[in-house]
Number of protein chains: 2
Amino acid sequence: MKNLKFNSKIVLAQLNPISGDVEYNKNKAIENIKKALEINADMIIFPELFLLGYPIGDILGRYPFVASQCLKALDEIKEYCEKIAVLIGYPEINPNKTGKPYFNSIAYIKDKKILKSIRKSLLPNYQEHNDYRYFEPCEIDIKERIIELNDIKFGVIVCEDGWNDFDFFERNLYKKDPLKELASYIDVAICPASSPSRAKKEQLKHNMMSYVSEKYGIKYIYVNQTGANDELVYDGLSRVYDEKGTLSAMAKAFEEDFFVVNLSEKGKINPLPKGLELTLNSQKAFSLDHNPDLERTYKAIVVAIKDYFSKNGFERAVLGLSGGLDSTVCAVLLCDALGAKNVYGISMPSKLTSKESKNDAQELAQNLGINFLTIPIKDMHQVISDKFENLFDNISNNWCDRYTNSYTQDNIQARSRSMILWGIANEFPKTLPIATSDKSELYMGYATINGDMSGGYAPICDVVKTKLFALARWMNENRSRKNAIPISIINKPPGAELAINPETGRALLAEEALMPYEFLDEVIWRLENYNQSIDSMMKDEFLYEKKNNLDKTKKSEWLNKFFKRLNTALYKWYILPPGPVIDARSINKAEYRQPVISNISYLK
Amino acid sequence: MKNLKFNSKIVLAQLNPISGDVEYNKNKAIENIKKALEINADMIIFPELFLLGYPIGDILGRYPFVASQCLKALDEIKEYCEKIAVLIGYPEINPNKTGKPYFNSIAYIKDKKILKSIRKSLLPNYQEHNDYRYFEPCEIDIKERIIELNDIKFGVIVCEDGWNDFDFFERNLYKKDPLKELASYIDVAICPASSPSRAKKEQLKHNMMSYVSEKYGIKYIYVNQTGANDELVYDGLSRVYDEKGTLSAMAKAFEEDFFVVNLSEKGKINPLPKGLELTLNSQKAFSLDHNPDLERTYKAIVVAIKDYFSKNGFERAVLGLSGGLDSTVCAVLLCDALGAKNVYGISMPSKLTSKESKNDAQELAQNLGINFLTIPIKDMHQVISDKFENLFDNISNNWCDRYTNSYTQDNIQARSRSMILWGIANEFPKTLPIATSDKSELYMGYATINGDMSGGYAPICDVVKTKLFALARWMNENRSRKNAIPISIINKPPGAELAINPETGRALLAEEALMPYEFLDEVIWRLENYNQSIDSMMKDEFLYEKKNNLDKTKKSEWLNKFFKRLNTALYKWYILPPGPVIDARSINKAEYRQPVISNISYLK
C-alpha cells in the first residue's frame, strides 16, 4: 500500500548552466518551472548555486555585481512560483560586517515569496573546490534548514554538508555534521549539489548516501548539475534513496534531465555508465583496474568537448593525425562530440613518418568520415632547419656551449605542425586546434611546447596511456560504427616519430625514451592515489614487476627518472590548455598546482 | 636612558627559501643560527612556514612526506639551539581525526628542545593565498602564544593573525582578532610572515602595524620572507615598531638580510623603494598615480627574473627585440637581472618592420651591451604563407566559410619569431625564451598564441602600458647607465608591425586596433580595484575624458569593446607563462581564475 504522506510529485531539475551567465541560467530555470507547473508538480529542485553555475572561479571576487544579477533573477523567478515550491541555489550577499562576502545558499520560494535562504555550512576547499574563497560557513539554527510541504518534513543540506558522516568516513574535514543534527526532525533530506565526475567517485557517493539514508531511516534526494564548464564535467545522476538505503530512482548520466519522482513509489532508475555498478559494493575508492571506467571516461570527454566548444562559440576542430594512439583517440572523441563534418584530420608527415603511420591515419579518417588532408612538412622543416643552422653558428660565437645533442630538430617538426593547425584555426571561423598530449607523457614532460601540447583544448590530458589503449578497444566495440580504429594503431608500440634511436637505427619509441607505460602509469596511480614517495614505491610490488622480473636497480632508476622528469615538466603543466578532469586525481589546473621552481626530494 | 628590560639582541632572519626544498631551507636556517650564535644573539626569528617556503601550492597535498622532512629538519636544527631561542615556521601535522591535515605553525626552540608550536589562527584564502586548503585554524588558548625571554613577554602571531583589527579595517574577514586577545599580556608582538609585495600594500601594512602597536602600547616585530617563487615576489622589509607606533628599524627591500635589532634602541632604517614613503600617511590603498611605485616595480621584476631563472637552473634569456616598448623594457630588466652577456636580443624584421624599429632595437642592444643578432623572417614567412595558401584552398572545399579578413598573416610572423626563440633555447643550455606581452594587451587578448605571448617567463605581464612608459623613463634616469633606452622608443606610438591599417596605409597602431592606452589602463584599474561594471564606469569621469572631451557614445563603445575582448582573452590568460605579480590585483594564475566558458554580463 502506498504511503500517502509521500504522495508528492517532485521534479529534480538536472540542468547544465553556464558559469556566470545569470540570464541564461535564469531562463533555463523559468522554462523548467513552467514545465513543472504543467504537470502539477509540488516541488522543483535545482542544483547548488544554479543561478551562478559551477565552477565559479573568481567571478564573485572580480564582478560582485553578478551577485546582484542573481538577486534580480530570483525576483523574476518567484513570480512563477504561486502553485509550486522551488529550491534554487544562488550566492547570497552576507549582510554582516564580518566574514566572507557571500553565503552559498538555497532559496526556498513558495506563494511567490522567498520564504527562506538555507545556507551551506561545510565549504570544501580541496582539489577543484574553492568554496571557502568567497563563502562564509552557515552557523544558523539547524531547524532553519527544515521546510514543510504536504505534511512532509524536508531538510535541506547543500552538497558538502552531506559529506561529513563520522561513522562512514575514517577522517573528517569538519567538526559538524549538519545531516546528523537534522536527521531526527525530518522525513526527507534534500541535497542540491554541483559535484564533478571523477574516477571511482560514484561508488563512494552511492555507498555514502545509501548508508546515511538507512542509518537515519530517511529518504534522500540528490540533485546534481550536469554538463561541463572548462575542466569540470558534472555527471548528473540525480537520485532518490528510500529509508532503507535502497536506490529508488536515478536520472540520466551526463545529460540534462527533467526528472520527476514520487516519493511513495519506486521510480525509473537510469543506468550508470557501464561497469560502474559492479563496483558499488566496495568502499575502496580507487583501483588499478581501469576497465570498469571506460564508458564514463568516454561520456565525460565527449560532453566536455561538446560543452567547451559550444559554450565558447566554437563548432569545429582541426587536429594532426599522426597514425598514433593519442591523435586517434582524440579524433574519435571529437567526431562523436562535434560531428564528423566538423572535424578536420591533417596528416603532416616528415621524413621520419612511416608509410604505415600515414596509411593508418588515412584509414582512420575514412572510417570516421571526418575531413582529411595530407600536407607534408619536409620542406617547411628544411627551410627552418637551414635557417637555424646559420643562426646557431652565429650565436655560438658568444655562447660557446651549444649542445651536441639537442631536441631542436624534433621540436621543429612538432612546432611546424602546430603552426599549421593554428593557421587553419585562424583562417576558418569557429575552429579550434586540438592538443593531443596524454597524461602519461605530460607527467614526463614528453610533449613539445607550442607543438603537440598546444591547442585550444586538450581532450585526453587526464587519461594515461594504458587506459587510452583500453579506451580505443572499448570504442571499437561499443560505438555504433564498430572497429573504426584500425587495429594496427592499437597494436603498434607508441612513438613520436621525431627522432632516430641510434641504438636501433629506427624511429625512437616512447618506451625507449621513457620507461614501459605499464610501469609509468602505475607510478602515476600510486602517486596520485596514495601519495607515495620513491622509498615507499620501492617497498611495494608493482604489477609490472610481478609480470616481468624487474630488478631493483632498474626499478629505482626508473623511479628516479620519473621524478626528475616530473620536476622539469611542471612548466608544461602550467601552460597546458584546458582539458577534462577524468581521474580521481589530476594535474589539470582546476585541481593541482605545484610551484614551477619547487624542488622536492621525493625520496621519503 | 636605555630601557634595560628590552636590552636583547634579536635577529630578523629575512631569507629567501625555495618552495618544497626542505634541505636547502634547513641548511639556510642552520647557517643563520650559527651566525646569530657568533654575535651572541638572544633570539633569531625566521619567516612563516620557512622550512617549506611560500607559496606552497599543493605540495603538502601531493607529497605529504615533505611534512615529515620538515619535522626531521627541526630535529636537526634544535641541536644548534642551546644558547639561543629560535622561532621558525613549519607545517605541523594535525594529530586529530577531524579537520585539515596540518597546522601552519611556528616552532619555539630553546635549550635544544622544541618548547612549543604556535599555530596560525586566521587562514587567508583570497587572491594568491590558499592557507585554508591544507591548514586547520588554531583554536588553542591565547596564552599558548606567549613566550618569555629575558623578562620580556613576547606574543607570537602568524602573518594574517595580525590583519584583523576591528577598528582599523572597515570590513573584517574573521570573527577573532588574536592580537587583541593577546595584547594585554605581552610587551612585544612577533609576527613571522610570508607576505608578497603588491602595489600599495606597503602603505596599508605600515599604517596597520603602526596603528596596532600604538593602540596597544606594545612593540611589534615583523619578519618577512624575501625573494621570488614563481609569480610571487616577497619584499622582505622586516621591521620593528615601538610602543608609540613609530618605525624603529627596517631591513632591506627585496634581498636577504641578517638583520640585528635591539629593542631598547632605534635601529637602522633601510629605505623603502623610492616614492613609497610619500604615500604612508594615506590609508587609501590604490591610486591611479603610478609614479611612486616605479622603483618597487623595477626591483620586484628584477628579483623575480633572477630567482625564477636560478631556482629553475636557467642562466640565460633570449628575446625578440622589435624596437617597441614591451621588448625594450623586458631587455633592460633581463640585462639587470641576469647580466648583459646572458641576454641575447634577436631582431627578426618582416617586410612590415620599419627601418626606425630596426635601428632602435640595435641601439638599445648596444647601449645595454647585450648580445644582438638580426635574422630577417621574410623568407620563412613567405614559405609558410605559400604553403598555407594551397592548404587553405583545399580545406575550403569542405569548409566553405573561410574568413575574408583573418589574422593568419599577422600570426605567422609572430609564431615564426617564437619558433626561432624556442629553437635557440633548445640548442643552448640553460636558456629561456621570453614572453613580452604586457598587461594592457593581455586584457585585450592582443597577443599571439605561440607567438609574442609564448615563452618560459613573462616579466611584464602584470604591468600596464602607461606604467611601462613611466618605467622606461624611470630606468633611463635611475640606472647607472643613463638613457640606455633610445628616446625614440619611448616617444613613438606602440604598434605590433604585423599588419597594415587600410585607412592610413601605414602599419596598424595598437591604439587604432584597441583604444587609447590611457583610457584602457584606467578601465583595468577601475575593474581591478573597484570591481566596477560598465554602468558604473559610465557614471564616473575618467582622466582621459577630462582631458579629451570624450563623448559618451564613444566611451560606451570602448567599454563594451573592452569587456567583449576580455571575454575572448580568457583562454590566453589560461596558458600565459608565469610572470611576477606587481599590481594590487592581477590576472596572473597565482591569483585569479575566470572560467574560459564563463559568459558574464558586465553591464551592472
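Source: prediction; values computed, not measured.

(A) Examining the overall build of chain A more closely. Counting its regular elements, chain A contains 18 helices and 18 strands. Against the globule reference of 25 Å for 604 residues, chain A gives a C-alpha radius of gyration of 26 Å, in line with a compact fold. Principal axes of the C-alpha set define a box for chain A whose edges measure 80 × 55 × 55 Å. A burial count over chain A gives 57% of its 604 residues as buried. Partitioning the contacts of chain A with sequence separation of at least 6, the portion at a separation of at least 24 is 71%.

(B) The arrangement of the relation of the copies chain A and chain B in detail. When chain A is fitted to chain B, the residual RMSD is 0.0 Å, and the transformation amounts to a turn of 180° plus an axial shift of 0.0 Å. The superposition of one copy onto the other is thereby described by a two-fold rotation axis. No C-alpha of chain A approaches the rotation axis more nearly than that of A:Ile575, which lies at 2.2 Å. A share of 100% of interface residues in chain A that are also interface residues in chain B marks the association as one of identical surfaces.

(C) Region of interest: the sheet that holds strand 9 (residues 219-224) of chain A. Residue and element names in this part refer to chain A. Spatial strand order, 6-7-8-9-12-13: six strands in an open sheet with mixed pairing. Because the sheet does not close on itself, it has two edges, and the strands there are strand 6 (146-149) and strand 13 (247-250). With direction set aside, neighbouring strand axes in the sheet form an average angle of 20°.

(D) Main features of the sheet that holds strand 14 (residues 257-262) of chain A. Residues and elements named next belong to chain A. On the basis of which strands lie adjacent, the open sheet formed by six strands has the order 5-4-3-2-1-14 and mixed pairing. A single partner strand is all that each edge strand has here, and the edge strands are strand 5 (113-119) and strand 14. Adjacent strand axes in the sheet meet at a mean angle of 30°, parallel and antiparallel pairs treated alike. Here strand 4 (residues 102-110) pairs with strand 5 via six bridges, running antiparallel. Counted as the bridge partner of Tyr108 is Lys116 from strand 5.

(E) Looking closely at the environment of A:Val261. Looking at the element boundaries, A:Val261 is found in strand 14. Through-space distance from the C-alpha of A:Val261 to that of A:Ala251 is 9.6 Å; in sequence the pair is ten residues apart.

(F) Region of interest: helix 8 (residues 355-368) of chain A. Residues and elements named next belong to chain A. With 14 residues, helix 8 extends 20 Å from end C-alpha to end C-alpha; this agrees with the ideal 20 Å at 1.5 Å per step. Among the residues making up helix 8, those that are buried are Ser357, Asp360, Ala361, Leu364, Ala365 and Leu368. For helix 8, the angular spread of buried residues about the axis comes to 130°, placing them on one side. Gly369 occupies a position one or two residues after helix 8 and carries a positive phi of about 80°.

(G) Structural view of the interface of chain A and chain B. At the junction of the two partners, chain A supplies 92 residues and chain B supplies 92 residues. Among the elements of the structure, helix 1 (22-38), helix 2 (59-62), helix 3 (65-78), helix 6 (294-311), strand 17 (371-374), helix 9 (378-395), helix 10 (408-427) and helix 18 (552-574) of chain A are those that each provide at least two residues to the side of chain A that touches chain B. A total of twelve residues in the side of chain A that touches chain B trace back to one element, the largest contributor, which is helix 10 of chain A. Of the residues assigned to the side of chain A that touches chain B, the class counts are 45 nonpolar, 28 polar and 19 charged.

(H) Molecular detail of the confidence of the model for chain A. When pLDDT is averaged along chain A, the result is 94, and 97% of the positions lie at 70 or above. Taken as a whole, residues 282-287 of chain A scores under 50 in pLDDT and shows ten contacts with residues more than four places along the chain or in a different chain.

(I) Looking closely at the environment of A:Leu15. Residues and elements named next belong to chain A. As for its placement among the helices and strands, Leu15 is situated in the loop between strand 1 (9-14) and helix 1. The buried category is assigned to Leu15, around which 25 C-beta atoms lie within 10 Å. Expressed as a C-alpha distance, the spacing of Leu15 and Asn224, which sit 209 residues apart in the sequence, is 7.9 Å. When neighbours within four sequence positions are excluded, Leu15 is seen to be in contact with Lys28, Asn32, Phe46, Pro47, Phe50, Gln225, Thr226 and Glu256.

(J) Up close: the domain arrangement of chain A. Residue and element names in this part refer to chain A. By the assigned domains, chain A splits into domain 1 (4-272) and domain 2 (294-506). On a C-alpha basis, the centroid separation for the pair domain 1 and domain 2 is 40 Å. The interface of domain 1 with domain 2 comprises eight residues on the first partner and eight residues on the second. Counting residues per element, the side of domain 1 that touches domain 2 draws most heavily on strand 10 (residues 226-229), at three residues. The residue inventory of the side of domain 1 that touches domain 2, partitioned by class, reads five nonpolar, three polar and no charged.

(K) Representation of helix 10 of chain A within the structure. Taking 1.5 Å of rise per residue, 20 residues should cover 28 Å, and helix 10 of chain A covers 28 Å from first to last C-alpha, within 8% of that figure. In terms of burial, helix 10 of chain A is a largely internal element, 18 of the 20 residues being buried.

(L) Looking closely at the packing of helix 6 of chain A against helix 7 (residues 325-338) of chain A. Residue and element names in this part refer to chain A. Relative to each other, helix 6 and helix 7 sit at 60°, their axes nearing to 8 Å. Between helix 6 and helix 7, the angle is such that the two are oblique. In the packing of helix 6 onto helix 7, the handedness of the crossing is right-handed. Of the residues in helix 7, those touching helix 6 at Ile301, Val302, Ile305, Lys306 and Phe309 are Leu333, Leu334, Asp336, Ala337 and Leu338. Of the residues that constitute the contact of helix 6 with helix 7, the class distribution is eight nonpolar, no polar and two charged.

(M) Representation of unusual backbone geometry within the structure. Across the junction of A:Tyr54 and A:Pro55, the peptide omega takes the value -5°, indicating a cis bond. Here A:Pro55 lies in the loop between strand 2 (43-45) and helix 2. Despite not being glycine, A:Asn531 shows a phi value in the positive range, around 50°. With respect to the helices and strands, A:Asn531 occurs in the loop between helix 15 (517-530) and helix 16 (534-539). A residue is classified by how many C-beta atoms lie within 10 Å of it, and A:Asn531, with 15 of them, is partly exposed. Unlike most non-glycine residues, B:Leu237 shows phi in positive territory, near 55°. Take B:Leu237: it is sitting in the loop between strand 11 (232-235) and strand 12 (239-241).

(N) Just the environment of A:Glu82, in detail. All names here are of chain A. The residue Glu82 is located in the loop between helix 3 and strand 3 (85-93) in this model. Judged by local crowding, Glu82 falls into the exposed class, with 11 C-beta atoms found within 10 Å. It is 9.6 Å that separates the C-alpha atoms of Glu82 and Leu37, two residues lying 45 residues apart in sequence. Ignoring anything within four residues of it in the chain, the contact list for Glu82 reads Asp111 and Lys112.

(O) Representation of the pairing of strand 3 (residues 85-93) of chain B. All names here are of chain B. Here strand 3 lies mainly inside the structure; eight of its nine residues are buried. Sheet analysis places strand 2 (residues 43-45) next to strand 3, joined by three bridges and oriented parallel. Bridging across to strand 3, Met43 finds its partner in Ala85. Where strand 3 meets strand 4 (residues 102-110), eight bridges bridge the pair, whose relative direction is antiparallel. For Ile88, the partnering residue across the bridge sits in strand 4 and is Ala107.

(P) Representation of the pairing of strand 13 (residues 247-250) of chain B within the structure. Residues and elements named next belong to chain B. In this structure, strand 12 lies alongside strand 13, joined through three bridges in antiparallel fashion. Of the residues in strand 13, the one forming a bridge with Val240 is Ala249. Linking strand 12 back to strand 13 in an antiparallel pair, the connection comprises five residues, with Gly245 at a positive phi of about 80°.

Analysis parameters
- Residues numbered from 1 in each chain as written.
- Chains lettered and ligands numbered in written order.
- Predicted model: local features only at pLDDT ≥ 70, side-chain atom pairs only at ≥ 80, totals over all residues.
- Helix = DSSP H or I, 4+ residues; strand = E, 2+ residues; numbered from the N terminus.
- Rg over C-alpha atoms; globule rule 2.2 N^0.38 Å.
- Buried ≥ 20, exposed ≤ 12 C-beta atoms within 10 Å, placed from the backbone.
- Contact = placed C-beta atoms within 7 Å.
- Least-squares fit on C-alpha atoms with pLDDT ≥ 70 in both.
- Pairing = 2+ DSSP bridges.
- Axes fitted to C-alpha atoms, helices over the stretch in contact; angles between N-to-C directions.
- Expected span 1.5 Å × (residues − 1).
- Arc of directions from axis to C-beta.
- Nonpolar A, V, L, I, M, F, W, Y, C, P; charged D, E, K, R; others polar.
- pLDDT = per-residue confidence, 0-100.
- Domains from an automatic or database assignment.
- Parallel < 35°, antiparallel > 145°, perpendicular 65-115°, else oblique.
- Left-handed = near helix turned anticlockwise from the far one by under 90°.

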